[in-house]
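Spelled out from the first residue to the last, the chains are:
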Amino acid sequence: MKIITRDFGEQEVDESKIITFPQGIIGFEDAKKYALLSPLGDGVFPMWLQSVDSREPCFVVYDPMEIYSDYRFEISDEEQALLGIDENAAYRCLAVAIVPDDYKKTTINLRCPIVVNTKSRVASQVVLTEHFDFKAPVYEEV
């Protein structure tokens, strides 16, 4: 299917890879379907989480575990049921980024990750009770 993106114009996306957010994303509850775009190559972050129904919303996302190898959290039984995940289910985690003009100051939100069931492609943004940063740096200062 073809979608119009915020940053890349018209793009072809595989309908079988559409990610569905039954509850939407915080602040964007009406947008339920997204495509995960990898302009730098398959599996290469950052990626763009683009609404398939309009140019907005669109979020730059990272895999927080690639940046913070010790990043771990637990989600509630209710969230697990919504996502259809258990100890055997494959899932991935995404963190929404804020990318300022100086991209070296990019931060990611570790407090509200997006969890995606990789088989069913159902996702939810969860709000963690653990004390993770809302603005954790992506790049180390040299």
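Residues numbered from 1 in each chain as written. Predicted model: local features only at pLDDT ≥ 70, side-chain atom pairs only at ≥ 80, totals over all residues. Heavy atoms only, no water.

Next up on the list: the pattern of salt bridges. Across all of its chains, the model carries two salt bridges by this definition. Glu-10 is the partner of Lys-2 in a salt bridge, and the nearest nitrogen-oxygen pair spans 3.7 Å. Among the salt bridges present, the one from Asp-7 reaches Arg-6, with a minimum N-O distance of 2.9 Å. Of the residues examined, Asp-7 reaches a relative accessible area of 39% and is grouped as partly exposed. With a relative accessible area of 34%, Arg-6 lands in the partly exposed category. (Salt bridge = Lys/Arg side-chain N within 4 Å of Asp/Glu carboxyl O. Buried < 20%, exposed > 50% of the residue type's maximum accessible area, 1.4 Å probe, protein only.)

What follows deals with the pairing of strand E5 (residues 47–51). Burial of E5 is extensive: five of the five residues sit out of reach of the surface. Burial along E5 is two-sided: Met-47, Leu-49 and Ser-51 facing one way and Trp-48 and Gln-50 facing the other are all buried. Bridge count between strand E4 (residues 33–37) and E5: four bridges; the pairing is antiparallel. Each bridged residue has a counterpart across the sheet, and for Tyr-34 the counterpart in E5 is Ser-51. The pairing of E5 with strand E6 (residues 58–62) spans four bridges and is classified as antiparallel. The residue bridging Trp-48 from the neighbouring strand is Val-60, located in E6. (Helix = DSSP H or I, 4+ residues; strand = E, 2+ residues; numbered from the N terminus. Pairing = 2+ DSSP bridges.)

By themselves, these figures tell us nothing about what the structure is for.
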